[in-house]
Amino acid sequence: MKKYILILFFGLGICFSSSAQYYYGVKGGLGLNMQKWNSFERDILFTPLIDLLVETHDDPINKIYASIGYHTRGSAVRGFGFQSFNSYRFNNLSLELGFKQMLSVDKKYNPYYMLAGRLEYTINTNLGGQSQFSVYNLVDDNFVNKINYGLTIGGGFEFNWDATKVIFIEASINPDVSKQYDQPSTAVVTNPNPSPFNPNPTITILPQEVRNVSLELKIGIKFLQGYWEEDEEY
C-alpha cells in the first residue's frame, strides 16, 4: 500500500511540474489527537508531525495542493500518579489532496482557508500482536484498520519572505470518516480454572468502534519553482 501511495504522490508531482509555476516545501508541528472508546474517557495525545507539499501557483487566489507526511493518531489514558500513563498510538502515512483559497495576496500577512480529502495508511501501532486484556478493555492489533480516510478543514496566514519564499502558519481539524479500530463483541477468559465460587470463567467485552479526530498546528516554508523575473530594460 505504501508503494501505491508514493506512486500516486509522484504522479501528482509530475502534474504540478507541468505547470508554469508551483510551490514545493515542508511543514511540521504538533497534533492534538483524540479518540472516543466505549470503555472509558480518553485524554488528548500530543504528537509531532511532518509533511512534504506541492502547490499550484498559476492562479494566485485559487490553488490545488497535495501533501504526504508522517502523522501519529491515537489517545492517552492518564491516572492519578505521575507514572500512570498509557497511550494508544497509530503511526500513519498521510496523503492529502485539497483546495486552498487566498483571501488576500498583497498584504503583509495573507489569510487563507483550505478543504481537503485525506487517505491514511497505518504503518504500525503500539498495541502489540496479541490481545492485551485489562479490567477496562481489550486491545488487539488485529482489529486495526490499515486504510482510513477523512477530511481536513483549516486555514492560516502566509508571509511573503521574498519573491520565491513564503513562510506560513496554519491550523486544521482532521476528522476521520472511517474507523481506525473496529473490534466486535469479544468473550475474554478471566479464570481458566472455574470453581463453585466463580463458575463463569469469561466476560464479554463490548464492541469498540474508534475514529480519529486531530487538531493540528503547523508552521512551514515553501519555495516557488519556475520563477523568473521580467527582463530588464536597457
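Refer to the preceding data block for the structure.
Attention here is on the structure that accompanies the text. (Residues numbered from 1 in each chain as written. Predicted model: local features only at pLDDT ≥ 70, side-chain atom pairs only at ≥ 80, totals over all residues. Heavy atoms only, no water.)

Details of the packing of aromatic side chains
When we look at a pair of aromatic rings, we describe it by the centre distance and by the angle of the planes. Where we set the bar: Only Phe, Tyr and Trp rings take part, Trp by its six-membered ring, and two of them pair if their centres are within 6.5 Å. Stacked means planes under 30 degrees apart, edge-to-face means over 60, and tilted covers everything else. Secondary structure elements follow DSSP: runs of H or I of four or more residues count as helices, runs of E of two or more count as strands, with numbering from the N terminus. Buried residues are those whose accessible area, probed at 1.4 Å on protein chains only, stays under 20% of the maximum for their type, while exposed residues exceed 50% and partly exposed ones sit between those limits.
By the definition in use, this model includes five aromatic pairs. A centroid spacing of 5.7 Å and a plane angle of 35° characterise the contact between Y24 and F223, whose relative ring orientation is tilted. Of this pair, Y24 sits in strand β1 (residues 22-35) while F223 sits in strand β14 (residues 212-225), placing them 199 residues apart in sequence. For F223, a relative accessible area of 29% corresponds to the partly exposed category.

A look at the environment of V213
Spelled out, the test is: Contacts between residues were defined by any pair of non-hydrogen atoms, one from each residue, lying within 4.5 Å.
Tracing the chain through its elements places V213 in strand β14. Separated by 139 residues in the primary sequence, V213 and G74 place their C-alpha atoms 8.7 Å from one another. If sequence neighbours within four positions are ignored, V213 has contacts with L32, N33, M34, I173, N174 and P175.

So, empty space enclosed by the protein
Applicable threshold: As defined here, a cavity is a set of points on a 1 Å grid over the protein atoms alone where a 1.4 Å probe fits but cannot get out. A pocket is an open set with protein on both sides within 12 Å along at least five of seven lines, and residues line them when an atom is within 4 Å of a point. Grid points are joined across faces, edges and corners, and a volume is the space filled by probe spheres set on the points. Only Asp, Glu, Lys and Arg are considered charged, only Ala, Val, Leu, Ile, Met, Phe, Trp, Tyr, Cys and Pro nonpolar, and every remaining residue, Gly among them, polar.
For the coordinates displayed, the defined rule picks out one cavity of 30 Å³ or more. A volume near 70 Å³ is recorded for the largest cavity. If you go around the largest cavity, the residues you meet are K27, L53, E55, Y65, K100, M114, F168 and E170. Of all the secondary structure elements, the ones that give two or more residues to the lining of the largest cavity are β2 (45-56) and β9 (165-175). Among the residues forming the lining of the largest cavity, the class breakdown is four nonpolar, no polar and four charged.

Considering the side chain of T152
Operational definition: Contacts described as polar in this section are N or O atom pairs within 3.5 Å, which, within protein, must combine one atom able to donate a hydrogen with one able to accept it, while residues neighboring in sequence count only if both atoms come from side chains.
The topology assignment puts T152 in strand β8 (residues 147-160). Among the polar contacts made by the side chain of T152, one reaches the side chain of E96 at a distance of 3.1 Å. The residues contacting T152, other than those within four sequence positions of it, are E96, M114, L115, A116, R118, S172, I173 and N174.

Brief notes about the environment of I169
Examined against the element boundaries, I169 turns out to sit in strand β9. For I169, a relative accessible area of 47% puts it in the partly exposed group. For the pair I169 and G156, spaced 13 residues apart in sequence, the C-alpha separation works out to 5.5 Å. The contact partners of I169, leaving out residues within four places of it in the chain, are Y112, G155, G156, F157, K218 and I219.

Quick notes on the nonpolar core
Nonpolar side chains in soluble globular proteins tend to end up buried together. What counts is decided by this rule: Residues enter a nonpolar core if they are buried and are Ala, Val, Leu, Ile, Met, Phe, Trp, Tyr or Cys, with the set joined through side-chain atoms within 4.5 Å.
The biggest cluster of nonpolar side chains holds 10 residues, and these are W37, V77, Y88, F90, L127, V139, F143, V144, Y181 and V210. Counting residues in hydrophobic clusters, the runner-up holds seven residues, among them Y65, M102, M114 and F168.

Overview of a nonpolar patch on the surface
Let me state the cut-off plainly: Like-charged residues are merged into a patch within 9 Å and nonpolar side chains (Val, Leu, Ile, Met, Phe, Trp, Tyr) within 5 Å, provided each residue has over 30% relative accessible area and no salt bridge. Note on areas: these come from Shrake-Rupley sampling with a 1.4 Å probe, and a residue is covered only by the protein chains present in the view. One speaks of a salt bridge when a side-chain nitrogen belonging to Lys or Arg is within 4 Å of a carboxyl oxygen belonging to Asp or Glu.
A cluster of nonpolar side chains, namely M34, L115, Y149, L151, I153, I173, V177, L215 and L217, defines an oily patch on the protein surface of about 760 Å² accessible area. Counting only elements with at least two residues in the nonpolar patch, the list comes to β8 and β14. Top contributing element to the nonpolar patch by residue count: β8, with three residues. Structurally, V177 is set in the loop between β9 and β10 (181-183). Overall, V177 belongs to the partly exposed group, its relative accessible area being 45%.

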